[in-house]
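Secondary and tertiary structure notes
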2 protein chains.
Amino acid sequence: MNTIRSPQPPPSLTRSVEDYLKSVFHLTSQGGFATTSDIAEMLDVAPPSVSGMMKRLSETGLIEHVPYRGVQLTPQGRRAALQMIRRHRILESYLTSKLGYDWGDVHVEAERLEHAVSEKLIERMADALGEPRYDPHGAPIPTAAGEIEEAELVPLAESEVGSSLVLQEVGDEHPARLHYLAEQGLTPGVRLTVIDRQPFNGPTIVRLGDGTTRVVGQELALLLFCRSSDGE
Amino acid sequence: MNTIRSPQPPPSLTRSVEDYLKSVFHLTSQGGFATTSDIAEMLDVAPPSVSGMMKRLSETGLIEHVPYRGVQLTPQGRRAALQMIRRHRILESYLTSKLGYDWGDVHVEAERLEHAVSEKLIERMADALGEPRYDPHGAPIPTAAGEIEEAELVPLAESEVGSSLVLQEVGDEHPARLHYLAEQGLTPGVRLTVIDRQPFNGPTIVRLGDGTTRVVGQELALLLFCRSSDGE
DNA sequence: ACAGTGCATTAGCCTAGACTAAATTTCAAC
DNA sequence: GTTGAAATTTAGTCTAGGCTAATGCACTGT
């Protein structure tokens, strides 16, 4: 008996491949190469595992690998990465606004779901949400066509004292930190005035839109990405 | 020239433990053992793959394996299987009522998602739906505690001519057949009176609640599970 | 009772994707 | 320019879960 089973290798990507592409995307967002050890650290795997995967990914044309230097995404790899990022951020948005998830908990759930959802489901969710442009952490959501907004944001920790800012994006996914930030009212969209900063990487002191002040340690202030609100 | 066989088989998708447990559950729902070849056929894998997996599953205590006879679920395996079935059916219900999915399309989507969703997400979905008891195909949804309703249903093909029935469950997941059935108004909940049946496995003729009649071929009539509506 | 048939299992191989240990390359410091 | 440390790649191994081919078991028919 000669039953035909999988007639051709499915075009779908392995779970891990998708994670590797996302990592490379994030690590090269400022330009340059993603290094083996950075990818390894981000995915919590050993460096040789990364080397092996980079070999496979460059054979399939998703990345460009310069030995001993690092990797970059090809246009095809970038498209695949942006698709995953769109999935992730639409899922986070949907879980938050339609199923009552806390913004600290959505990341882990989306991280698993993004590998299993169909394009159709993502588009239905996006539609139900009214095609959101930002996820609950303020990160821009790539369009279905694969375009993503690139804003010039500055971490609060590196902002100028005296400047007026709007908190645009929280660059972190750890539940505990996100809970704390939400308690402090430090969520995307809030207006900030930078009052002062202590020396030697000390905390930044800000006044919020409601007139109250917050003292934000450097570790957290590095995660709060702001845009200037001058002239608004 | 002889056809040259490809030297290596194409990469096939790997079925998870969860899929095996679901198969065993369904194949043993009438009691008895699930056989290796039935499981293999249901999951579209080769019989030796099933033997191998059954070995692993019985080592972890999820199934009882009687060599050359078949397998049954242990209580622990049954719990795991019912959890997967709950996930699947809640997902199907949610996709249908909250995201506008057609009842023919939900199965494939749920099949992938059920391995990725958390318990928490399923319970949120169930809550948003008002704790539904049946999925869009009329199949009972196990409770979070792992209990499932077992109804005595008879396929329309085996119903008595003259009887009054309610279509309770459509035992199929093929989009094309489901679309056709929906067109014919043969969806769970509809009342049927069995008018006649042609001999030699011929079609069953039914009158619907609205007075119209349908001629249902045996293949489909075997998939329409009904309960008696006498005295309603 | 036993031969044949058909299903189940074992044996042996393959790939993906992990790992560790060893070898290689790069680069910075002298 | 050489040297040594750090990063990267290669080599070799492991596991899960597929596969095919070969073998083993059980049941049916004579």
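Residues numbered from 1 in each chain as written. Chains lettered and ligands numbered in written order. Predicted model: local features only at pLDDT ≥ 70, side-chain atom pairs only at ≥ 80, totals over all residues. Heavy atoms only, no water.

1. Points about the pattern of salt bridges
Residue and element names in this part refer to chain A.
- Under the definition given, this model contains 22 salt bridges over all chains.
- Ionic pairing is found between E131 and R86, a salt bridge with its closest N-O pair at 3.9 Å. Remark: R86 occurs in helix α4 (residues 75-99) and E131 occurs in the loop between α6 (119-129) and β3 (154-155); sequence separation between them is 45 residues.
- We classify E131 as partly exposed; its relative accessible area is 44%.
- One salt bridge connects D172 with R177, and the closest N-O pair in it is separated by 3.2 Å.
- Residues joined in a network through salt bridges with shared partners are K22, E111 and E114. (Salt bridge = Lys/Arg side-chain N within 4 Å of Asp/Glu carboxyl O. Helix = DSSP H or I, 4+ residues; strand = E, 2+ residues; numbered from the N terminus. Buried < 20%, exposed > 50% of the residue type's maximum accessible area, 1.4 Å probe, protein only.)

2. Quick notes on the sheet that holds strand β7 (residues 213-216) of chain B
Residues and elements named next belong to chain B.
- The antiparallel open sheet is built from six strands, whose spatial order is β3-β8-β4-β5-β6-β7. Looking at strand neighbours, the two that pair on one side only are β3 (154-155) and β7, the edges of this open sheet.
- Two strands pair when backbone bridges link them, and strand β6 (residues 204-208) and β7 are joined in this way by four bridges, in the antiparallel orientation. Across the sheet, I205 pairs through a bridge with V215, a residue of β7. (Pairing = 2+ DSSP bridges.)

3. Considering the protein's contact with DNA strand D
- Looking at DNA strand D, there are 22 residues lining it, with S37 and H65 of chain A together with R15, S49 and R69 of chain B nearest.
- Sugar and phosphate atoms constitute 78% of the interface atoms of DNA strand D, taking the interface as everything within 4 Å of the protein.
- In this structure, a phosphate oxygen belonging to DNA strand D sits 2.5 Å away from a side-chain N or O atom of S37 of chain A.
- The separation between a phosphate oxygen of DNA strand D and a polar main-chain atom of A46 of chain B is 2.8 Å.
- Per-element accounting of the surface near DNA strand D gives the leading share, four residues, to helix α3 (residues 47-59) of chain B. (Near = heavy atom within 4 Å. Polar contact = N/O pair within 3.5 Å; in protein donor to acceptor, adjacent residues only side chain to side chain.)

4. Considerations on the packing of aromatic side chains
- Inspection of the entire model under this criterion finds zero aromatic pairs over all chains.
- Positioned above the aromatic ring of Y101 of chain B is the side chain of K120 of chain A, whose terminal nitrogen or guanidinium carbon lies 4.7 Å from the ring centre.
- The ring of Y101 of chain B has R124 of chain A lying over it, and the distance from NZ or CZ to the ring centre is 5.1 Å. (Phe/Tyr/Trp six-rings, centres within 6.5 Å; stacked < 30°, edge-to-face > 60°. Lys NZ or Arg CZ within 6 Å of the ring centre and 35° of its normal.)

5. Some remarks on the domain arrangement of chain A
- By the assigned domains, chain A splits into domain 1 (15-73), domain 2 (88-150) and domain 3 (154-228).
- If you average the C-alpha positions of domain 1 of chain A and of domain 3 of chain A, the two centres end up 31 Å apart. (Domains from an automatic or database assignment.)

6. Some points on the sheet that holds strand β6 (residues 204-208) of chain A
Residue and element names in this part refer to chain A.
- The six strands lie next to each other as β3-β8-β4-β5-β6-β7, forming an open sheet whose pairing is antiparallel. Looking along the sheet, the strands with just one partner apiece sit at the ends: β3 and β7 (213-216).
- Direction of pairing for strand β5 (residues 191-197) relative to β6: antiparallel, over a ladder of five bridges. Residue V194 lies in a different strand from β6, and its bridge partner there is V206.

7. Description of the nonpolar core
- L99 and L121 of chain A together with L99 and L121 of chain B are the most contacted members of the largest nonpolar core, which has 32 residues in total.
- When residues of this core are traced back to their parent elements, those giving at least two are α4, α5 (106-113) and α6 of chain A together with α4 (75-99), α5 (106-113) and α6 (119-129) of chain B.
- If we ignore the near neighbours within four places in the chain, the residues touching L121 of chain B are L95, L99, Y101, E109 and L113 of chain A. (Core = buried A, V, L, I, M, F, W, Y, C linked by side-chain atoms within 4.5 Å. Contact = heavy atoms within 4.5 Å.)

8. Things to note about the pairing of strand β2 (residues 70-73) of chain A
All names here are of chain A.
- Pairing of strand β1 (residues 63-66) with β2, which is carried by four bridges, proceeds in the antiparallel orientation. Each residue of the ladder has a partner; that of I63, found in β2, is L73.
- In textbook terms, the turn of a hairpin is the stretch between consecutive antiparallel strands, and for β1 and β2 this stretch comprises three residues, one of which, Y68, has a positive phi near 65°.

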